[in-house]
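Next come the chains, spelled out residue by residue.
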Amino acid sequence: MFTSSQNHVDVSLASFGCVETVCFEVDIFCQFLLSLVMAGGMEEKKIPVYIGFSESLIKNSEKIDWTVNKIGGVPVFSPLISDDCLTKLVDHDLLCSKCQDPCLFLGQIISPVDDKPVDRVLYFFSCQRNKCDYFVVVRCVSQSANKSDDQNSPREKMDNDDDRDDDEEVYWSDGDESEDDQINESDNVSSLGPPKQLPTQKLKQIAIFKPFYIGIDDEEDLEKERKSSRQTSELSKEMPLIEPGGDEQYENVELQTVFKGDRASYKFHKKLRDHPDQMIRYSWQGQPCLNRSDCELNPTACEHCGSIRNFECQLMPGLIPGLKPFSSSDKTSNLLDFETVLIYSCSNNCIDSQVNLEQYFILKEPEDDMLEEFLSRK
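Thresholds applied
- Residues numbered from 1 in each chain as written.
- Predicted model: local features only at pLDDT ≥ 70, side-chain atom pairs only at ≥ 80, totals over all residues.
- Heavy atoms only, no water.
- 1 Å grid on protein atoms, 1.4 Å probe; cavity = no way out; pocket = protein on both sides within 12 Å on 5 of 7 lines; lining within 4 Å.
- Points joined across faces, edges and corners; volume = space filled by probe spheres on them.
- Helix = DSSP H or I, 4+ residues; strand = E, 2+ residues; numbered from the N terminus.
- Nonpolar A, V, L, I, M, F, W, Y, C, P; charged D, E, K, R; others polar.
- Polar contact = N/O pair within 3.5 Å; in protein donor to acceptor, adjacent residues only side chain to side chain.
- Contact = heavy atoms within 4.5 Å.
- Phe/Tyr/Trp six-rings, centres within 6.5 Å; stacked < 30°, edge-to-face > 60°.
- Buried < 20%, exposed > 50% of the residue type's maximum accessible area, 1.4 Å probe, protein only.
- Core = buried A, V, L, I, M, F, W, Y, C linked by side-chain atoms within 4.5 Å.
- Salt bridge = Lys/Arg side-chain N within 4 Å of Asp/Glu carboxyl O.
- Pairing = 2+ DSSP bridges.

Asker: So what's going on with empty space enclosed by the protein? Residues and values would help.
Answerer: Counting across every chain of the model gives two cavities of 30 Å³ or more. Here the largest cavity is characterised by a volume of approximately 80 Å³. Taken together, Lys-70, Ile-71, Leu-106, Gly-107, Gln-108, Ile-109, Phe-124, Ile-214, Met-279, Ile-280, Leu-315 and Leu-319 make up the full set of residues lining the largest cavity. At four residues, strand 3 (residues 104-110) tops the list of elements feeding residues into the lining of the largest cavity. For the lining of the largest cavity, the per-class residue count stands at nine nonpolar, two polar and one charged. Of the volumes computed, that of the second largest cavity is approximately 50 Å³. Taken together, Ser-126, Cys-127, Arg-129, Asn-130, Asp-133, Tyr-134, Phe-135, Leu-336, Asp-337 and Phe-338 make up the lining of the second largest cavity.

Asker: Run through the side chain of Asn-356, naming residues and quoting values.
Answerer: With respect to the helices, strands and loops of the structure, Asn-356 is situated in strand 10 (residues 355-363). At 3.1 Å, the side chain of Asn-356 forms a polar contact with the backbone oxygen of Ser-353. Once residues lying within four places of it in the same chain are set aside, the contact partners of Asn-356 are Val-137, Val-138, Arg-139, Val-141, His-304 and Cys-350.

Asker: Lay out the packing of aromatic side chains with the relevant residues and their values.
Answerer: How two aromatic rings sit relative to each other is set out by the distance from centre to centre and by the angle between their planes. Counted by the stated rule, this structure contains seven aromatic pairs. Both rings, one in Phe-105 and one in Phe-125, keep their centres 5.4 Å apart while their planes meet at 55°; by these two values the pair is tilted. Here Phe-125 lies in strand 4 (residues 118-126) and Phe-105 lies in strand 3, a separation of 20 residues in the sequence. The exposure classification of Phe-105 matches that of Phe-125, with both residues buried. Centre to centre, the rings of Phe-259 and Tyr-266 are 5.4 Å apart; their planes meet at 75°, and the pair counts as edge-to-face. A network of ring pairs unites the aromatic residues Phe-135, Phe-338 and Tyr-360 as a single cluster.

Asker: So what's going on with the environment of Gly-52? Residues and values would help.
Answerer: If you trace the backbone, Gly-52 turns up in strand 1 (residues 50-57). In sequence terms Gly-52 and Ile-280 are 228 residues apart; their C-alpha atoms lie 4.9 Å from each other. Setting aside residues up to four positions removed in sequence, Gly-52 forms contacts with Ile-214, Gly-215, Ile-216, Gln-278, Met-279 and Ile-280.

Asker: Quick rundown of the nonpolar core? Include the residues and the values.
Answerer: The biggest cluster of nonpolar side chains holds 29 residues, and the ones touching the most others in it are Leu-106, Phe-124, Leu-315, Leu-319 and Phe-338. If we skip the residues at most four places from it in the chain, Phe-124 touches Leu-104, Phe-105, Leu-106, Gly-107, Gln-108, Ile-109, Val-136, Val-137, Ile-280, Cys-313, Leu-315 and Ile-343.

Asker: Help me get a handle on the pattern of salt bridges, residues and values and all.
Answerer: Overall, the coordinates contain 19 salt bridges when judged by the stated rule. For Lys-88, the salt bridge identified is with Asp-93, shortest N-O distance 3.2 Å. A residue is classified by how much of its surface remains accessible, and Asp-93, at 9% relative accessible area, is buried. With a closest N to O distance of 2.7 Å, Arg-226 and Glu-223 form a salt bridge. In this pair, Arg-226 and Glu-223 both sit in helix 7 (residues 219-236), three residues apart, roughly one turn of the helix. Since its relative accessible area comes to 23%, Arg-226 is described here as partly exposed. A single salt-bridge network, built from bridges that share partners, covers Arg-139, Glu-303, Arg-309 and Glu-358.

Asker: Residue-level account of the side chain of Gln-108, with values.
Answerer: Considering the arrangement of structural elements, one finds Gln-108 in strand 3. In this structure the side chain of Gln-108 is engaged in a polar contact, spanning 3.4 Å, whose partner is the backbone oxygen of Trp-66. What Gln-108 contacts, discounting residues up to four positions off in sequence, is Trp-66, Val-68, Asn-69, Lys-70, Val-74, Pro-75, Val-76, Val-121, Leu-122, Tyr-123, Phe-124 and Ile-214.

Asker: How would you explain the sheet that holds strand 3 if you had to name every residue and give the values?
Answerer: Here 10 strands make up a closed barrel; going around it, the order is 1-6-2-3-4-5-10-9-8-7 and the pairing antiparallel. Bridging between strand 4 and strand 5 (residues 135-143) involves nine bridges; their strand directions are antiparallel. Paired with Ser-126 across the bridge in strand 5 is Phe-135.

Asker: Report on unusual backbone geometry, specifying residues and quantitative values.
Answerer: Residue Asp-133 is not a glycine yet carries a positive backbone phi of 50°. Tracing the sequence through the fold places Asp-133 in the loop between strand 4 and strand 5. A positive phi angle, near 50°, is found at Asn-349, a position not held by glycine. Considering the arrangement of structural elements, one finds Asn-349 in the loop between strand 9 (340-346) and strand 10.

Put into structure tokens, the structure is as follows:
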């Protein structure tokens, strides 16, 4: 690239007798550009990371549809998803391949990633037996009633769930409601018609958790707030701020003593310590946050279109205590055992099939007393 530009300069300025000077300046400019690249000054645009947290309980008075981000409750589908697809899903795909028990519904998020005129929703399920280590990740695509520009951003779409009245009476409880009342969550009628659910008898087996909205924050914004809050706290206590290099020296000690030099593990658990209640991390075509450096991840190609699978999101350990069973005697959420679950989905976002099973990788938490001490520090 730079050679072509330099040749162009030689030809256009040869008649002025200043070729050598201009070539020298172009070389200097090229070196300057190279130094910027090496220093990170011309890096590609950083892919944002969004973090999901549990928010308010979804009330029976709130009639939600398939575009709401939530954990628990019942899986809500677009009315355009065919009955045959849903029948196959519940009778086959949602059965654990190891124990044949039906998988529990954990949550769903609306996640538009391109300009295709579709509603794209991810659904997360898990076998209730932790020894099975079995999840099901479903990507459903259906025609969108109102495909607009703002739906192309997961952040903007996810943030639409935050405008709710928290003073309304909460109807979800352990007490007076029947099971049929508890799972009757999605009677909303959109321009496409009422949303679809799985058969009631099946729902009683897979929908055992109370529904909560998921709120989304930009990780970069949260980090700025955390640093600002930390500085304010230190100043209010009349404590000196950490000197330049002090933090780095302290982190180097932790990196070697707690994490045995594993930078990936240190980075993951530091993010977990900063926001222990995070349930999901979303970064379409970004990089997963691994809990150790020796992970071997080999995503397979999409079964429908053959495209590679890209990282899309990961479930975090904060999801486990966030799942609240309807029945106080049900301890099923305590059986879930993972530190993070990485989700990879079709990079082409193919829409030939309405219901698509995507790939996941389960990473377990290492047993380490020093790690638990590290996570308990703020």
